[in-house]
Amino acid sequence: MQGRNRTGTRAGFILDEESTKLLRTDPRNTRYQIAEDIRRYRLPGSGVPVSCLELIEE
């Protein structure tokens, strides 16, 4: 997670290198065009609703 918006209701995300590669090469992905030289991709837009997130501790 990159951070929350001013009201704390949405959070932005930067994908790790492996997730970026998977998103770039997934044939079902028609929404995000990711250049080959991008290693970590920030999902565009206003973020994901915080209410949709679950904190997972590894």
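Everything numeric here is computed off the predicted structure, so don't read it as measured data.

Draft legend 1. Broad picture of the environment of Asp 26. Mapping Asp 26 onto the fold places it in the loop between helix 1 (17–25) and strand 3 (48–49). According to the relative accessible area criterion, Asp 26 is partly exposed, its value standing at 22%. With 11 residues separating them along the chain, Asp 26 and Asp 37 place their C-alpha atoms 17 Å apart. Reaching out from Asp 26, the side chain makes a polar contact with the backbone nitrogen of Arg 28 at a distance of 2.8 Å.

Draft legend 2. Structural view of helix 1. Among all positions in helix 1, only Thr 20, Leu 23 and Arg 24 are buried. An end-on view of helix 1 places all buried positions within 100° of arc, on one side of the element. Counted as exposed and oriented over 90 degrees from the buried face of helix 1: Leu 22 and Thr 25.

Draft legend 3. Local environment of the nonpolar core. Counting residues in each nonpolar core, the largest one holds 5 residues, listed as Leu 15, Leu 23, Tyr 32, Ile 34 and Tyr 41. Setting aside chain neighbours within four positions, we find Leu 15 in contact with Thr 20, Leu 23, Arg 40, Tyr 41 and Leu 43.

Draft legend 4. Structural detail: the packing of aromatic side chains. Using the criterion set out here, one finds 1 aromatic pair in the structure. Judged by centre distance (6.1 Å) and plane angle (70°), the ring pair of Tyr 32 and Tyr 41 falls under edge-to-face. Here Tyr 32 matches Tyr 41 in class, with each residue buried.

Reading guide: rules and limits
- Residues numbered from 1 in each chain as written.
- Predicted model: local features only at pLDDT ≥ 70, side-chain atom pairs only at ≥ 80, totals over all residues.
- Heavy atoms only, no water.
- Helix = DSSP H or I, 4+ residues; strand = E, 2+ residues; numbered from the N terminus.
- Buried < 20%, exposed > 50% of the residue type's maximum accessible area, 1.4 Å probe, protein only.
- Polar contact = N/O pair within 3.5 Å; in protein donor to acceptor, adjacent residues only side chain to side chain.
- Arc of directions from axis to C-beta.
- Core = buried A, V, L, I, M, F, W, Y, C linked by side-chain atoms within 4.5 Å.
- Contact = heavy atoms within 4.5 Å.
- Phe/Tyr/Trp six-rings, centres within 6.5 Å; stacked < 30°, edge-to-face > 60°.

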